[in-house]
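Secondary and tertiary structure notes
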Amino acid sequence: MFAGVCKRSGMRSRGQGMRIAYICADRGVSVEANTGSAIHVREMVRALVGRGDPPTVFSATGGRIAGTEVRVVDISGDPMLAELRARTAKALRATGRDVARAAEAYSLLLNQTLLDRLTASEGFDLVYERHSLWSLAGLQYARREKIPFFLEVNAPLVDQQRAYRELEFEEAATAVEALLFEEAD
């Protein structure tokens, strides 16, 4: 999957250990859970490990991937953002409005935490991201560092969110998704 990108970009090839940032910023996907999404994340990570390219996993839920020595970086640990989300939800409830706005704003703000954690890491040859509704920091980082950005898309998330859950900031979600689809390598 990465061979063509390696040749074009001059990145290290298989066996030399590409430095891959694997991002799963969806707060509903725990790397330790037994859901289909979580199993898929773990198996993708194990496949990368098996080809000699153990990624650094950036996860909105933290945790660890059993049977691997893969580093998992928790991007949800900023207590200020959690407090902001709680206060926003409380204010929305007090006025009788849906609290979905609080969760959506929190998810957008997690981009800054993710970008900070990516930047503080040792540097990467590529970013591989499992598409999540509000995440765009992986693309930001990849463009800033001039490295490839791969986007794994398992569902049209804006459509899915609109159909099955609340979606308050639909225009923003649509814009993020369009940007990711257009800019992915």
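Anything mentioned here points back to the structure above.
Predicted, not measured: the structure shown is a model, and the values here were computed from it. (Residues numbered from 1 in each chain as written. Predicted model: local features only at pLDDT ≥ 70, side-chain atom pairs only at ≥ 80, totals over all residues. Heavy atoms only, no water.)

This part is about the pattern of salt bridges. Across all of its chains, the model carries 12 salt bridges by this definition. The partner of E83 in a salt bridge is R87, with the nearest N and O atoms 2.6 Å apart. Placement of the pair is E83 and R87 together in helix α3 (residues 79-94), with a separation of 4 residues, close to one helical turn. Judged by its relative accessible area of 37%, E83 is partly exposed. The closest approach of N and O atoms between R143 and E183, which form a salt bridge, is 3.7 Å. Separated by 40 residues along the polypeptide, R143 in helix α5 (residues 137-145) and E183 in helix α7 (residues 170-183) bring together distant segments of the chain. Residue R143 is classed as partly exposed on the basis of its relative accessible area, which comes to 32%. Residue class for E183 comes out partly exposed when judged on its relative accessible area of 35%. (Salt bridge = Lys/Arg side-chain N within 4 Å of Asp/Glu carboxyl O. Helix = DSSP H or I, 4+ residues; strand = E, 2+ residues; numbered from the N terminus. Buried < 20%, exposed > 50% of the residue type's maximum accessible area, 1.4 Å probe, protein only.)

What follows deals with α7. Along its 14 residues, α7 runs 20 Å from first to last C-alpha, staying within 8% of the 20 Å computed at 1.5 Å per residue. Where α7 is concerned, the buried positions are A173, V176, E177 and L180. For α7, the angular spread of buried residues about the axis comes to 95°, placing them on one side. Relative to its buried face, α7 has exposed residues pointing more than 90 degrees away, namely E171 and E182. Contacts from the buried residues of α7 go to α5, β5 (149-152) and α6 (157-164). (Expected span 1.5 Å × (residues − 1). Arc of directions from axis to C-beta. Contact = heavy atoms within 4.5 Å.)

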